[in-house]
Amino acid sequence: MIENKVDINTDYDLICVGAGIMSATLALLIKLVKPELKILILERLDKVAQESSAAWNNAGTGHSALCELNYTPEKGDTVDCSKAYKICKQFELSKQFWSFLVEENLIENPKDFINPMPHHSWVTGHDNVVFLKKRFETLKHHFMFEDMEFTDSLEKMKTWFPLIVNNRSEDEVMAATRISRGAEMNFGSLTEKLFSILETEFNTPVYCNEDVIDIDPDDDVEWSVEVKNTITGKKQFLDAKHVFIGAGGGSLLLLQKVEIEEKEGYGGFPVSGEWLVCKNEALINRHLGKVYSKAGPNDPPMSTPHLDTRFIDGKRQLMFGPFAGFSPKFLKKGSVLDLFKSIKTDNIKPMLSAFWDNLPLTKYLVEQVTASHEDRMNDLRKFVKDAKSEDWEILIAGQRVQIIKKDEYEGGKLQFGTEVVKSKNGSITCLLGASPGASTATHVMLEVFEIAFPEIVNSEAGKHRLKKIVPIWKAEINAKLFKETIKRSSKSLALDNITIQ
Ligand SMILES: Cc1cc2nc3c(=O)[nH]c(=O)nc-3n(C[C@H](O)[C@H](O)[C@H](O)COP(=O)(O)OP(=O)(O)OC[C@H]3O[C@@H](n4cnc5c(N)ncnc54)[C@H](O)[C@@H]3O)c2cc1C
């Protein structure tokens, strides 16, 4: 219980709700710049990183647009790569932050959470091959993607991903791109490391089993945070000048309790993920890389199928997915009433409108939910032709709550990105959505840092310190700076060679 751990009369500069990668990143960035600020992290579960940030609950892809085709949509005759450049820079920013932690001896073994992994895009069929070639031709002229290779040769693909090419003939129309500078992430391990630094170096522990149930304006300090201990049931109130709601899927339900007008019109739609995980060691060792393909024409972006090598807790793994599931819960360990509880008078119109406009998504979900193991195996067989059902088992991943928001023209819109909702004075911030997700945590948490504490971020001392921690943040990136950044993080994060674990 909190009273055993801290002086409950303390007023905090910041309370972070939720102990996932987002709160960990925000709290540590702030402490590195202004160690004297008092920060408290409250978590409803008994450990940190148990929801979306846990290793198996996400795909562990260091999203940098090296292989994800949904970041480069076709626009007429051209391919729009603007989102790819943005996400690529944001992941390098994250790598820069983690490199700083290694260089300062705050993190010992980066291989526990980041490993080099070639990223491939692989497509079949004439139209998709034409698209991939066009995408490659556009990207390769940009300094971020000049190392990308393209092939439509079966022999070449055999060297890149033999498991997928096995039993295929030259008659099949296929093409692929490859970039070796990709990353495989264990965000769970990273989150634990960040919280461990906060606890040991900055005396900022996480208080677990503390469920935040309400956040109200306070007369003296800005916010009063009501917590209920999940073991004893005891309720308490904690005061904070700033609150960050980093509760993952749980963020929307909390935001709806905060009395700020900016929350109005937001709704959420939960989609759960599932993986097929390989149990056959020989098969696991025949694949090394992440291979992303193309989602079906009406399928949502997060349904893009991929076959991935993972490194989790020192063990090499192979997984395929994601398959979508439907559960009304907003968190994996949430309540079946979550979706129902989130429907309010201010969001019912946007929610209904988003539902009608996204009937293909509903159809996709119904098909996914009713799929049998064999149906899923047949999807996998589009990648690994001779995959045997007994070699693979299903594993439930995390919940994503997609944002639904008011739209002037359409009434309501379903969004697949993330959004920071903030009060006018920036004293309360909330992160909604889950894509591109943990990979870009540094970028989005720097945004939250600046909204909440502009006087620190924009002070001379703050700017100077942040320039040391994340030099490319706000910098105009060019080829020279990009190369220097990659060189530095490759060295600090030991990303030069794939070492098989
Ligand atoms: C299937 C799937 C695949 C994904 N793949 C990738 C990927 O390949 N790459 C990538 O970068 N990202 C990926 N993501 C997204 C990424 O996992 C998330 O963006 C990221 O983990 C979110 O971190 P978070 O800290 O916001 O939330 P979480 O890690 O979910 O943490 C939120 C915490 O808040 C706690 N909490 C909730 N409500 C309360 C409350 N009321 N009081 C106290 N505590 C509370 C929860 O228990 C939880 O511990 C994926 C997500 C999913 C679901």
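Structure's up top.
## Describing the overall build of the protein chain
When you go through the protein chain residue by residue, the secondary structure sums to 17 helices and 21 strands. Taking 2.2 N^0.38 as the reference for a compact globule, 501 residues should give roughly 23 Å; the C-alpha atoms of the protein chain span a radius of gyration of 23 Å, in line with that estimate. Long-range pairs, those at least 24 residues apart, make up 72% of the contacts in the protein chain with a sequence separation of at least 6. When the accessible surface of the protein chain is split by element, carbon and sulfur atoms take 50% of a total near 21200 Å². Between the mean site of the 63 positive side-chain charges and the mean site of the 72 negative ones, the protein chain shows a separation of 3 Å.

## Quick notes on the site of the ligand
Not every one of the 37 residues close to the ligand is listed here, only the nearest: E43, S53, T61, V212 and S439. Measuring from a nitrogen atom of the ligand, one finds a backbone N or O atom of T61 at 2.9 Å. In the model, an oxygen atom of the ligand is placed 3.2 Å from a nitrogen or oxygen of the A438 main chain. A total of 1000 Å² of accessible area belongs to the ligand in isolation, and the protein chains cover 97% of it. For the shell around the ligand, the elements supplying multiple residues, two or more each, are α2 (21–33), β11 (210–217) and β18 (392–407). Ranked by the residues each element gives to the shell around the ligand, the list is headed by β18, at 4 residues. Split by residue class, the shell around the ligand holds 16 nonpolar, 15 polar and 6 charged.

## Considerations on the packing of α2 against helix α3 (residues 82–103)
Across the interface, α2 lies against α3 with an axial gap of 13 Å and an inter-helix angle of 55°. Comparing their axes, α3 and α2 come out oblique. In this structure, α2 crosses over α3, and the sense of that crossing is left-handed. Contacts between α2 and α3 pair T25, L28, L29 and L32 from the former with F97, F100 and L101 from the latter. Across the contact of α2 with α3, the residue classes break down as 6 nonpolar, 1 polar and no charged.

## Details of the side chain of N347
Of note, N347 is situated in the loop between α10 (338–341) and α11 (348–357). For N347, a relative accessible area of 0% puts it in the buried group. Leaving out residues up to four positions away in the same chain, N347 has contacts with Q256, G265, Y266, G267 and S342.

## Some points on the pairing of strand β8 (residues 174–179)
Counting buried positions along β8 gives 6 out of 6 residues, so the element sits mostly inside the fold. Alternating positions in β8 separate into two faces, M174, A176 and R178 on one and A175, T177 and I179 on the other, with burial throughout. Sheet topology places strand β6 (residues 119–124) next to β8; 6 bridges connect them, and they run antiparallel. The residue of β8 that forms the bridge with H119 is I179.

## Quick look at the packing of α3 against helix α14 (residues 441–452)
At a minimum axis distance of 7 Å, the contact between α3 and α14 shows a crossing angle of 85°. As summarised for this structure, α3 and α14 are arranged roughly perpendicular, according to the angle between their axes. Mapping the contact onto sequence places Q90, L93, S94, F97 and W98 in α3 and A441, T442, H443 and L446 in α14. Its residues placed into classes, the contact of α3 with α14 shows 5 nonpolar, 4 polar and no charged.

## Topic: the environment of W473
Within the secondary structure, W473 sits in the loop between α16 (460–469) and α17 (479–492). Leaving out residues up to four positions away in the same chain, W473 has contacts with L93, L446, E450, V457 and L466.

## Examining the side chain of T485
If you trace the backbone, T485 turns up in helix α17. Engagement of the side chain of T485 in a polar contact is seen with the backbone oxygen of L481, the distance being 2.6 Å.

## Concerning the pattern of salt bridges
Counted according to the given criterion, the structure contains 27 salt bridges. D308 is paired through a salt bridge with K290; the nearest N and O atoms lie 3.1 Å apart. Highlighted residues: D308 in strand β16 (residues 306–312) and K290 in strand β15 (residues 290–292), separated in sequence by 18 residues. Per residue, the accessibility class of D308 equals that of K290, and both read buried. In this structure, the salt-bridge partner of E374 is R381, at a minimum N-O distance of 2.9 Å. With relative accessibility at 37%, the residue E374 sits in the partly exposed group.

## Regarding the environment of M351
Along the polypeptide, M351 turns up in helix α11. A residue is classified by how much of its surface remains accessible, and M351, at 12% relative accessible area, is buried. Residues M351 and D308, spaced 43 residues apart in sequence, show a C-alpha to C-alpha distance of 34 Å.

## Some thoughts on a nonpolar patch on the surface
A cluster of nonpolar residues, I343, I348, L352, F355, W356 and L359, forms a patch on the protein surface that exposes about 560 Å² of accessible area. At 4 residues, the largest contribution of residues to the nonpolar patch is made by α11. We classify F355 as partly exposed; its relative accessible area is 34%.

Basis of the calculations
- Numbering of residues starts from 1 in every chain and runs along the sequence as written.
- Under the rules for a predicted model, residues below a pLDDT of 70 receive no local features and side-chain atom pairs below 80 are neither given nor counted, while totals for whole chains, interfaces and linings still include all residues.
- Here the side-chain values reflect all heavy atoms present in the structure, with hydrogen atoms and water set aside.
- In DSSP terms, a helix is any run of H or I states spanning at least four residues, a strand is any run of E spanning at least two, and both are numbered starting from the N terminus.
- Radius of gyration here is computed from C-alpha atoms only, and the compact-globule reference equals 2.2 Å multiplied by the residue count raised to the power 0.38.
- Any pair of residues with heavy atoms lying within 4.5 Å of one another is described as a contacting pair.
- Note on areas: these come from Shrake-Rupley sampling with a 1.4 Å probe, and a residue is covered only by the protein chains present in the view.
- Counted as positive: Lys and Arg. Counted as negative: Asp and Glu, with His and the chain ends omitted from the count.
- Lysine's charge is taken at NZ, arginine's at CZ, aspartate's at CG and glutamate's at CD.
- If a single non-hydrogen atom of a residue is within 4 Å of a molecule or strand, that residue counts as near it.
- The definition of a polar contact used here is a pair of N or O atoms within 3.5 Å, where within protein one atom must be able to donate a hydrogen and the other to accept one, and adjacent residues in sequence count solely through side-chain atom pairs.
- Here the nonpolar group is Ala, Val, Leu, Ile, Met, Phe, Trp, Tyr, Cys and Pro; Asp, Glu, Lys and Arg are the charged ones; every other residue, Gly included, is treated as polar.
- Every angle, taken between N-to-C directions, lies between 0 and 180 degrees, and every axis is a line fitted to C-alpha atoms, over only the stretch in contact when it is a helix.
- Our angle categories are set so that under 35 degrees counts as roughly parallel, over 145 as roughly antiparallel, 65 to 115 as roughly perpendicular, and the remainder as oblique.
- Handedness of a crossing is defined here by the sense of rotation of the near helix relative to the far one, left-handed for an anticlockwise turn of less than a right angle and right-handed for a clockwise turn.
- Relative accessibility thresholds used throughout: buried, under 20% of the residue-type maximum; exposed, over 50%; partly exposed, between the two (1.4 Å probe, protein chains only).
- In this description, strands pair whenever DSSP reports at least two bridges between them.
- By definition, a salt bridge exists where a carboxyl oxygen of Asp or Glu is found within 4 Å of a side-chain nitrogen of Lys or Arg.
- Patches here are clusters of residues that have more than 30% relative accessible area and form no salt bridge, with a 9 Å joining cutoff for like charges and a 5 Å cutoff for nonpolar side chains (Val, Leu, Ile, Met, Phe, Trp, Tyr).

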